[in-house]
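# Structural description and commentary
Spelled out, the chains give:
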Amino acid sequence: MNLFEQQSNEFIPRHIGPYEQETRQMLKTIGETSLAGLIDKTVPPNIRMDHSLNIPPAMSEHEYLKHIKEISLKNIVFKNYIGQGYYDTIVPSVILRNVFENPGWYTQYTPYQAEISQGRLESLLNFQTMVSDLTALPIANASLLDEATAAAEAMTMFFNSLNKQDHIERPKFFVDNDIFPQTKDVLATRATPIGIEIVYGNYKTAAIDHTYFGAIVQYPNDKGSIEDYRNLISRVHEAGAYIVMATDLLALTLLTPPGELGADAAVGSAQRFGVPLGYGGPHAAFFSAKDEFKRSIPGRIIGVSIDAQNNRALRMALQTREQHIKREKATSNICTAQALLANMAAMYAVFHGPKGLKTIAQRTALLTQTVAEAIETRGFDLVSENFFDTITVKVDNIKTIKEKAERQFINLRYIDDKHIAISLDETTSIDDLYDLINCFESDDLPVAFDINQDAGLYHIPEYLTRASSFLTHPVFNTHHSESQVMRYIKSLENKDLSLNTSMISLGSCTMKLNAASEMIPLSWQHWSSIHPFAPAEQTKGYKYVIDALSKYLCEITAFDACSLQPNSGAQGEYAGLLTIKAYHESRGDHHRNVMLIPISAHGTNPASAVMVGMKVVVVKALENGYVDMDDLKAKAAQHATNLSGIMITYPSTYGVYEETIKDITAIIHEHGGQVYMDGANMNAQVGLTAPGLIGADVCHLNLHKTFAIPHGGGGPGMGPICVKKHLAEFLPGHVELESRKSGARTNAVSAAPYGSASILLISYGYIRMLGSEGVRASTEYAILNANYMRARLAGQFDILYTNHNGQCAHEFIVDLRPYKKTAEIEAEDVAKRLIDYGFHAPTMSFPVPGTIMIEPTESEDKAELDRFCDALLSIREEIKAIEEGKADKKDNPLKHAPHTQFVVTADEWKHSYSRQQAAFPLYYVTLNKFWPSVARVNNTYGDRNLICTCEPVESYMEAEA
Ligand SMILES: Cc1ncc(COP(=O)(O)O)c(C=O)c1O
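Residues numbered from 1 in each chain as written. Predicted model: local features only at pLDDT ≥ 70, side-chain atom pairs only at ≥ 80, totals over all residues. Heavy atoms only, no water.

## Observations concerning the packing of aromatic side chains
Following the criterion strictly, the structure yields 27 aromatic pairs and no others. Arranged with centres 4.7 Å apart and planes meeting at 70°, the rings of Y203 and Y229 form a pair that is edge-to-face. Pair noted here: Y203 is in the loop between β4 (197-201) and β5 (212-219) and Y229 is in the loop between β5 and α11 (230-238), with a separation of 26 residues, a long-range link. Y229 matches Y203 in its accessibility class, with the two residues each being buried. Taken together, a centroid distance of 6.3 Å and an interplanar angle of 15° make the contact between Y552 and Y764 stacked. Here Y764 lies in helix α25 (residues 760-794) and Y552 lies in helix α19 (residues 540-557), a separation of 212 residues in the sequence. The residues Y552 and Y764 share a single accessibility class, namely buried. Ring-pair connections join several aromatic residues into one group, and the members of that group are Y279, W527, Y542 and Y754. (Phe/Tyr/Trp six-rings, centres within 6.5 Å; stacked < 30°, edge-to-face > 60°. Helix = DSSP H or I, 4+ residues; strand = E, 2+ residues; numbered from the N terminus. Buried < 20%, exposed > 50% of the residue type's maximum accessible area, 1.4 Å probe, protein only.)

## A few points about the state of the cysteines
In total, this model carries zero disulfides according to the counting rule given. C562 takes part in no disulfide bond, and the closest cysteine sulfur to it belongs to C722, at a distance of 4.0 Å. (Disulfide = S-S within 2.5 Å.)

## Comments concerning the packing of helix α6 (residues 93-100) against helix α16 (residues 482-493)
Helix packing geometry: the angle between the two helix axes and the distance between the axes. Running from N to C, α6 and α16 point in directions that differ by 15°, and their axes come no closer than 10 Å. Viewed along their axes, α6 and α16 adopt a mutual orientation that is roughly parallel. The way α6 lies across α16 gives a crossing that is right-handed. Residues V94, I95, N98 and V99 of α6 pack against E482, V485, M486 and I489 of α16. Counted by class, the contact of α6 with α16 contains six nonpolar, one polar and one charged residues. (Axes fitted to C-alpha atoms, helices over the stretch in contact; angles between N-to-C directions. Parallel < 35°, antiparallel > 145°, perpendicular 65-115°, else oblique. Left-handed = near helix turned anticlockwise from the far one by under 90°. Contact = heavy atoms within 4.5 Å. Nonpolar A, V, L, I, M, F, W, Y, C, P; charged D, E, K, R; others polar.)

## Quick look at the side chain of K635
Mapped onto the secondary structure, K635 falls in helix α22 (residues 629-638). For K635, the contacting residues outside a window of four places in its chain are L596, V617 and V618.

## With respect to the packing of helix α27 (residues 827-836) against helix α28 (residues 862-883)
The N-to-C vectors of α27 and α28 enclose an angle of 125°; their axes lie 10 Å apart at closest approach. Taken together, the axis directions place α27 and α28 in an arrangement best described as oblique. α27 and α28 meet at a crossing whose hand is right-handed. Residues V830, R833 and L834 of α27 form the contact with α28, whose own contacting residues are F868, A871, L872, I875, E878 and I879.

## Thoughts on the sheet that holds strand β15 (residues 419-423)
Read across the open sheet, the four strands follow the order β11-β12-β15-β14; overall the sheet is antiparallel. The open sheet has two edge strands, β11 (381-382) and β14 (413-416), and neither has a second partner. Alignment of β14 against β15, held across three bridges, turns out to be antiparallel. What sits directly across from D416, in β15, is H419. Here helix α14 (residues 398-407) sits on the sheet in contact with β14 and β15, set at roughly 165° to β14. (Pairing = 2+ DSSP bridges.)

## Here's the deal with the side chain of D425
With respect to the helices and strands, the residue D425 is situated in the loop between β15 and α15 (430-438). Lacking a salt bridge, the buried D425 has K79 as its closest oppositely charged neighbour, with an N-O distance of 4.3 Å. A distance of 2.5 Å separates the side chain of D425 from the side chain of T427, its partner in a polar contact. (Lys, Arg positive; Asp, Glu negative; His and termini not counted. Salt bridge = Lys/Arg side-chain N within 4 Å of Asp/Glu carboxyl O. Polar contact = N/O pair within 3.5 Å; in protein donor to acceptor, adjacent residues only side chain to side chain.)

## Quick word on empty space enclosed by the protein
This structure, assessed with the given rule, holds nine cavities of 30 Å³ or more. Its volume calculated, the second largest cavity comes out at about 190 Å³. If you go around the second largest cavity, you meet 22 residues; those closest to its centre are G85, Y87, F180, Q218 and D248. When contributions to the lining of the second largest cavity are tallied by element, the ones reaching two or more residues are β5, β6 (242-248) and β15. Among the residues making up the lining of the second largest cavity, the classes are represented as six nonpolar, ten polar and six charged. (1 Å grid on protein atoms, 1.4 Å probe; cavity = no way out; pocket = protein on both sides within 12 Å on 5 of 7 lines; lining within 4 Å. Points joined across faces, edges and corners; volume = space filled by probe spheres on them.)

## Examining the pairing of strand β3 (residues 172-176)
Burial analysis of β3 places four of its five residues in the buried class, the great majority of the element. Of the pairings in the sheet, the one linking β3 to β4 comprises five bridges and is parallel in character. Residue V175 lies in a different strand from β4, and its bridge partner there is Y200. Once you follow β3 into helix α10 (residues 181-191) and on to β4, the crossover reads as right-handed. (Right-handed = clockwise from strand over helix to strand, strands pointing away.)

## Quick look at the site of the ligand
The environment of the ligand is made up of 14 residues, and the closest members are T336, S508, G569, D678 and H704. The separation between an oxygen atom of the ligand and a polar main-chain atom of G569 is 2.7 Å. Between the ligand and H704, the relevant distance is 2.6 Å, taken from an oxygen atom to a side-chain nitrogen or oxygen of the residue. Considered on its own, the ligand offers 390 Å² of accessible surface; in the complex 98% of this is hidden by protein. The residue makeup of the shell around the ligand, split by class, is three nonpolar, eight polar and three charged. (Near = heavy atom within 4 Å. Areas by Shrake-Rupley, 256 points an atom, 1.4 Å probe, with all protein chains shown as cover.)

## Details of α22
Considered for burial, the residues of α22 that qualify are M629, D631, L632, K635 and A636. Buried residues of α22, viewed axially, fall in a sector of 155°; they line one side. With respect to the buried face of α22, the exposed residues turned more than 90 degrees away are D630 and Q638. In this fold, the buried residues of α22 make contact with β17 (594-598), β18 (615-619), β19 (643-649) and α23 (661-670). Its side-chain oxygen placed 3.1 Å from the backbone nitrogen of D630, D628 serves as the N-cap of α22. (Arc of directions from axis to C-beta.)

Have a look at this one:
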């Protein structure tokens, strides 16, 4: 490589941990002489890719940033008044810098290990409190993917509450005509497969009877109108059905909240609370409901509990609802949501406080009122007299208005030939009104208008004006100066272990480097300020990235077409299964509804299958973790007539490349089925093999695993799907995409056409900076790192499931079950003890209970891998001490782990082991100690006493007394 080629390739060794010499040492430990030899013994020859990926060569970080800046300038930033669920907002700089751009926040994982996640748990509890307060409903979750999917989740929650699985008594769901078009679209997609009949209509005249299970309205509605739904709510309840209101958090600072109107649930987007538009996302959706739904609410809920010292501690409540348990009984497949963006929105509320939020709302409403009156004065009629931030103007001909708006770099919402909607927001200034009103003015007249600050907001009807207080908790009334907010954010960050502390070896989650150069462009205005429904002429930069990324992902998967719409892996599964379903139906095979799913599959697989109305048939596994081929053959044959397909993870969730994979896919095809591949483990495939080469028809890719999007403490994510040619026509469309505006069925699965479009830049940057060689090398090193750790641990621990050469793929499972018998030590004790050694536990008890699954990724260097192995080996010695009777079965460092600073430095120390062993068990720990902020969290206590909002201040006082 010459000097300049070296420069272009400089990102590869920055992304991949081990250097050349380390690589040699690691191979020696494994017993191999070359990386190529290791790969040959690991990846079955019959599925190997025989060519290099057709992806451009690597770019240095500097070259990439220059390139992506140039591309960004193809996007044109207009002043947006489009609204429709997406509004410009001012991201407070202190939040932008300290949360959005801070790896201490964005590289965190979902808070499964509560003891090292108290910071984000507290922030998410703030989010829930904010949503609960503003909507006046007692239970809120810690975010969903977007407003439209949140509405669909509410619909299915109601549906499942009032119908039995095999007996639908109440099939109908009322959808008011004036809800956002993209929400209608997603509702329709979700409804059809499970037998929900959507009835559209005017809420005023809708006849709701006992055949309805629910209804949805928008407040304020699609046209901006504030409607009084109390009468409808009574009618829905009289019929024994439920009602959800899609709503707007800023509007609710001024309007009577849904809970006070009697609604059963509320949903919406928290985007305008300080989260940039980003051409559609990522943004946090919210979901709140009455108490009776607390066990059926979708997504994650943060709850208050206590720790081993009886101190207050937070945790994810009802964790058994997560992916491991519910499987085909699940009513939702939500795992990854939008935690980082929920944290930003919560911090925005902390920063502004209730008064600040109300001021923003009042200012926005006053400006809207001013515009409305100015436009009316010019002879136009409005659709509604009651509005908050959006008006819809009746026009004879949009053409001249549109031309004038475009001349002034203004985007309005052109609903149809006769209606223009205008939505104002926090960023609108008095000066902006001149340009805006000018669009409705003839060119030769100067624009003049009155803004009467004392006149009051008389377009918000008194009978729907909010009287109740909100956000009264001190957290929303304390941190208003920048110093306070900065320190509050830092104090929370300090409680959390993120990738900027140590490796997070979560099997199946691929916590690799999220490089700064991949992240930086996200904050640039030409990416962040683009409305998802902006006209195509303004979004050419996004189009460039979307087209290129789609092409690269097709090349990587050996497929033909790609949809970047799904917002998470599970949404990808759902979207992929919809394409399979639509394909079968297009051939008249409406009856094909049986989905085979191996027992080892992630819980979202069966949950997604159920969501598209499929029947799940489980396929057994052999002792060695491979799919039981006899069982597979028998079940494929038994269900041949109705076989829809199989969902298979490759390499399997047990961490091995099954040599039989091609036989599996062939058997399914022989019986007329399609093969869905769960791409969670793509980090073991890129450049070495591909879903298309193993015989799959469709797969999703977790861009938040393999392609470097950070996990953000539980989201955002992106789960695009790639398909073979014959499925391409069934990929999700979108009501706002020109090509689909024909009114054809869209199969949309997200509110925005390209999901959380702005984070696609991260994956695009990842591929461009690594290039063809680098992405393949990443896979090879992921395998090297996993096998190195496996080799180091193998003498002391049982490693489950390796191939016939004894190798694992990119992850492996360590069996901890024997220690239950020998030392009364469980997997959880080991997980918590790892915290004392400064590490996040690997994935626990998935896919095998009582085990841990380690996935180091390519980004960790040998020294970090060694520290982690040293920690586990040292823990093994601690277990041995118990086994040999040298340590007490109850009083040992594992059972009491993790040890807090408070416990270790307390005057009293009652344990049979030393404080030093408790807190500094190995030398390296003394150099960079990470202290958990709480001791072991009590799970059952939290579930028995479910509290999902910030407790009133008095409860803290009682706890202290
Ligand atoms: C094997 C597997 N499939 C599916 C998923 C679901 O992905 P997501 O959380 O993005 O919805 C996961 C998530 O961890 C997974 O490990």
